[in-house]
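Results of the structural survey
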Amino acid sequence: MEQFTIKTNSHAALIPITHQIRSIVKKSQVSNGVCIIFCPHTTAGLTINENADPDVAHDLLYMLDELIPWQDQGYRHGEGNSAAHLKASLMGSSVNVIIDRGELQLGTWQGIYLAEFDGPRTRKVFVKIVA
């Protein structure tokens, strides 16, 4: 297993991590298998989405804020970051990508993102390659 850290600079962001994942896959020398990417945090997650137009990331974060506002009278969690927990649960804590001929099998416009919802923070990402 490999791991790396990402320092996030804002309260909410989608940070591209495809480059780091590709480097780990290349280093593994696995030709065919699966790459499992896991985020061990309850207020951050992972997603795969378009990486060509940065407006897609903006729009995703915008709509999550519309659906799940930071402040809500109904929240009961004492730390005041219920919205971050909800968004992380919707996003998910892991993604899996097929490896074929040593390459991640992402679509033409797809990238892997760490989704920060309670930053700025330092986040860990774990990567397991299964041949």
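My aim in this report is to walk through the structure given alongside it, one point at a time. (Residues numbered from 1 in each chain as written. Predicted model: local features only at pLDDT ≥ 70, side-chain atom pairs only at ≥ 80, totals over all residues. Heavy atoms only, no water.)

This part covers the overall build of the protein chain. Within the protein chain, the secondary structure is distributed over 3 helices and 8 strands. Each helix and strand of the protein chain, ordered N terminal to C terminal, gives the series β-β-α-β-β-α-α-β-β-β-β. Against the compact-globule benchmark of 14 Å for 131 residues, the protein chain has a radius of gyration of 15 Å, which places it among compact chains. Dimensions along the principal axes, computed over C-alpha positions, put the protein chain at roughly 50 × 30 × 20 Å. (Helix = DSSP H or I, 4+ residues; strand = E, 2+ residues; numbered from the N terminus. Rg over C-alpha atoms; globule rule 2.2 N^0.38 Å.)

We now examine the nonpolar core. Counting residues in hydrophobic clusters, the biggest one holds 24 residues, and the most contacted among them are I17, I21, C35, I37, L104, I112 and L114. At the level of secondary structure, the elements contributing two or more residues to this core comprise β1 (2-7), β2 (13-16), α1 (18-28), β3 (33-38), β4 (44-50), β5 (94-100), β7 (110-116) and β8 (122-130). For C35, the residues in contact, after removing those within four places along its chain, are I21, V25, V95, N96, V97, I99, L104, V127, K128 and I129. Of all hydrophobic cores here, the second largest spans 10 residues; its members include A57, A88, M91 and A115. (Core = buried A, V, L, I, M, F, W, Y, C linked by side-chain atoms within 4.5 Å. Buried < 20%, exposed > 50% of the residue type's maximum accessible area, 1.4 Å probe, protein only. Contact = heavy atoms within 4.5 Å.)

With respect to the helices and strands, V97 occurs in strand β5. Owing to a relative accessible area of 3%, V97 belongs among the buried residues under this scheme. As a C-alpha pair, V97 and I129 span 32 residues in sequence and 9.7 Å in three-dimensional space. In this structure V97 touches G33, V34, C35, I37, I48, L104, Q105, L106 and I112, once residues within four positions along its chain are discounted.

Strands pair in a sheet through their backbones, by hydrogen bonds, and they do so in one of two ways: parallel or antiparallel. Pairing in this open sheet of 3 strands is antiparallel, and the strands run β2-β7-β4 from one edge to the other. One side of each edge strand has no neighbouring strand; the edge strands of this open sheet are β2 and β4. Each strand of the sheet is rotated relative to its neighbour by a mean of 35°, with strand direction disregarded. Here 7 bridges tie β4 to β7, and the two strands are oriented antiparallel to one another. Bridged to T47 within β7 is Y113. Where helix α2 (residues 54-67) meets the sheet, it contacts β2 and β4, and its direction lies at approximately 145° from that of β2. (Pairing = 2+ DSSP bridges. Axes fitted to C-alpha atoms, helices over the stretch in contact; angles between N-to-C directions.)

Function cannot be inferred from these measures alone, as they are strictly geometric.
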